[in-house]
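# Structural description and commentary
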Amino acid sequence: DSSGGFYNTRDDHESLLLRPKDLQDNATPSGNALAATALLLLSAYENKIKWHNMAKKMIASMQEVMTQYPTTFSQWLIAADIAIGPTSEIAILGSLDDLQTESLLAVLWETYLPRTIIAISEYPPTDGSPKLLEDRLLRNGQPTAYVCHDFACLKPVNSAADFREQLNNSLQKDN
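This write-up is about the structure you can find in this document. As the structure is a computational prediction, the values presented were derived from the model and not from experiment.

## Digging into the packing of aromatic side chains
Applying the stated criterion across every chain yields a total of zero aromatic pairs. The ring of Trp51 carries Lys48 above its face, with NZ or CZ at 5.8 Å from the centroid. The lysine or arginine in question, Arg136, covers the ring of Tyr146, its NZ or CZ lying 5.3 Å from the ring centre.

## Focus on the state of the cysteines
If you walk through the whole model with that rule in mind, you get one disulfide. Through a disulfide, Cys148 is tied to Cys153; the S-S separation comes to 2.0 Å. Here the S-S torsion is close to 85°, and the disulfide linking Cys148 with Cys153 is therefore right-handed. Among the residues examined, Cys148 registers a relative accessible area of 0% and is labelled buried.

## Things to note about the packing of helix α2 (residues 49-68) against helix α3 (residues 74-84)
Between α2 and α3, whose axes approach to 10 Å, the crossing angle comes to 130°. Put simply, α2 runs oblique to α3. In this structure, the crossing between α2 and α3 has a hand that is left-handed. Residues His52, Lys56, Met58, Ile59, Met62 and Met66 of α2 form the contact with α3, whose participating residues are Trp76, Leu77, Ala79, Ala80 and Ala83. Of the residues contributing to the contact of α2 with α3, the split by class is nine nonpolar, one polar and one charged.

## Topic: the sheet that holds strand β1 (residues 88-93)
The strand order β2-β1-β3-β4 describes an open sheet built from four strands, whose pairing is mixed. Bordering the open sheet on either side are β2 (116-121) and β4 (152-153), each of which pairs with just one other strand. Running at roughly 50° to β2, helix α1 (residues 31-46) makes contact with β1 and β2 of the sheet.

## Side note on α3
Along α3, the positions that sit buried rather than exposed are Gln75, Trp76, Ala79, Ala80, Ile82 and Ala83. When α3 is viewed along its axis, its buried side chains cluster within an angular range of 160° and face the same direction. Of the surrounding elements, those touching the buried residues of α3 are α1 and α2.

## Considering unusual backbone geometry
Cis geometry marks the peptide bond from Gly85 to Pro86; its omega dihedral reads 0°. Secondary-structure assignment places Pro86 in the loop between α3 and β1. In this model, Tyr123 is joined to Pro124 through a cis peptide bond whose omega is -5°. At Asp135, a residue that is not glycine, the phi angle is positive and equals roughly 60°. Within the secondary structure, Asp135 sits in the loop between β2 and β3 (144-149). Note on Asp135: relative accessible area 69%, which makes it exposed. Phi at Phe151 takes a positive value of approximately 65°, unusual for a residue other than glycine. Note that Phe151 resides in the loop between β3 and β4.

## As for the pairing of β3
Counting buried residues along β3, five of its six residues qualify, which places the element largely inside the surrounding structure. Bridge count for β1 against β3 is five bridges, and the pairing is antiparallel. Bridge pairing links Ala91 to Tyr146 in β3. The sheet contact formed by β3 and β4 spans two bridges and is antiparallel. Across the sheet, residue Cys148 finds its bridge partner in β4, namely Cys153. Taking the residues between adjacent antiparallel strands as the criterion, β3 and β4 are bridged by two residues, where Asp150 takes a positive phi near 55°.

How each quantity is defined
- Residues numbered from 1 in each chain as written.
- Predicted model: local features only at pLDDT ≥ 70, side-chain atom pairs only at ≥ 80, totals over all residues.
- Heavy atoms only, no water.
- Phe/Tyr/Trp six-rings, centres within 6.5 Å; stacked < 30°, edge-to-face > 60°.
- Lys NZ or Arg CZ within 6 Å of the ring centre and 35° of its normal.
- Disulfide = S-S within 2.5 Å.
- Buried < 20%, exposed > 50% of the residue type's maximum accessible area, 1.4 Å probe, protein only.
- Axes fitted to C-alpha atoms, helices over the stretch in contact; angles between N-to-C directions.
- Helix = DSSP H or I, 4+ residues; strand = E, 2+ residues; numbered from the N terminus.
- Parallel < 35°, antiparallel > 145°, perpendicular 65-115°, else oblique.
- Left-handed = near helix turned anticlockwise from the far one by under 90°.
- Contact = heavy atoms within 4.5 Å.
- Nonpolar A, V, L, I, M, F, W, Y, C, P; charged D, E, K, R; others polar.
- Pairing = 2+ DSSP bridges.
- Arc of directions from axis to C-beta.

Printed below as a string of structure tokens:
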């Protein structure tokens, strides 16, 4: 839809009196709210500002009804929260069988990380991996964690303690 969002039917679908466009969340989230959320997450994995802007346009078109009826537009509010941010990105690289990688992952999973995009991969990442993993090297040849904001990363770390400290500092800045 030129005003933002997506119709439920293709533009070459048979002629209809009204072309449906699912906007309101019901027992399941609306397709458009999920699409906006997916565009935001994908834009963070791939550093694609165009997708982020598409999602923001969709959210902006729903702003008035979201504020009037928040319980009916909960997935839209989740998308808005992600869009407003701040968001963080975390990349972890290393053999998934390595104890050091497991310790980095343990720190990751024990921490509440709202609005955080996470990519985990063996090293080197395979072709087609998210851009978030691109050009990330192992520090000292060991499993490595990167904590980033808008693809600008802190110093990569190998130890669970250093990773935990970066996450805690990052969360304090975001709040």
